[in-house]
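Analysis of the macromolecular model
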Amino acid sequence: MVELKPGARFQSTVCATEVIVVKGAGEADLTCGGAPMVAAGVADKRGEPAGDAAAGTLLGKRYTDADGYVQLLAPKAGDGSVALRGSPLDVAQ
């Protein structure tokens, strides 16, 4: 679990993906590639994204949950898919 707040940065532990919280607050189960995300700069990449969570994250795109409560910006792309509480986030339109 990570603490979401605007400006917070998180990184994947299984690919190069990094995200910045644009919108949302509170404790959240944020994953990338099926593995928990951690504060940026805290961990090194270990392993590979899970097969069902390897659709990738696109550089410069914003990702949001179905309710529009959380929005993340991806300043670094990667092979893993970003998810919140087990549900994949979609590219914001």
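Residues numbered from 1 in each chain as written. Predicted model: local features only at pLDDT ≥ 70, side-chain atom pairs only at ≥ 80, totals over all residues. Heavy atoms only, no water.

**Things to note about the sheet that holds strand E11 (residues 87–88)**
- Reading across the sheet, the 4 strands line up as E6-E5-E10-E11 and stay open at both edges, with antiparallel pairing between neighbours. The open sheet terminates on both sides in strands that have one partner only, identified here as strand E6 (35–36) and E11.
- Two strands pair when backbone bridges link them, and strand E10 (residues 82–84) and E11 are joined in this way by 2 bridges, in the antiparallel orientation. Looking at the pairing, Ala83 lines up with Pro88 of E11. (Pairing = 2+ DSSP bridges. Helix = DSSP H or I, 4+ residues; strand = E, 2+ residues; numbered from the N terminus.)

**Notes on the side chain of Ser81**
- Looking at the element boundaries, Ser81 is found in the loop between strand E9 (71–76) and E10.
- With residues near it in sequence (within four places) discarded, Ser81 still touches Thr31, Cys32, Gly33, Ala53, Ala54, Ala55, Gly56 and Thr57. (Contact = heavy atoms within 4.5 Å.)

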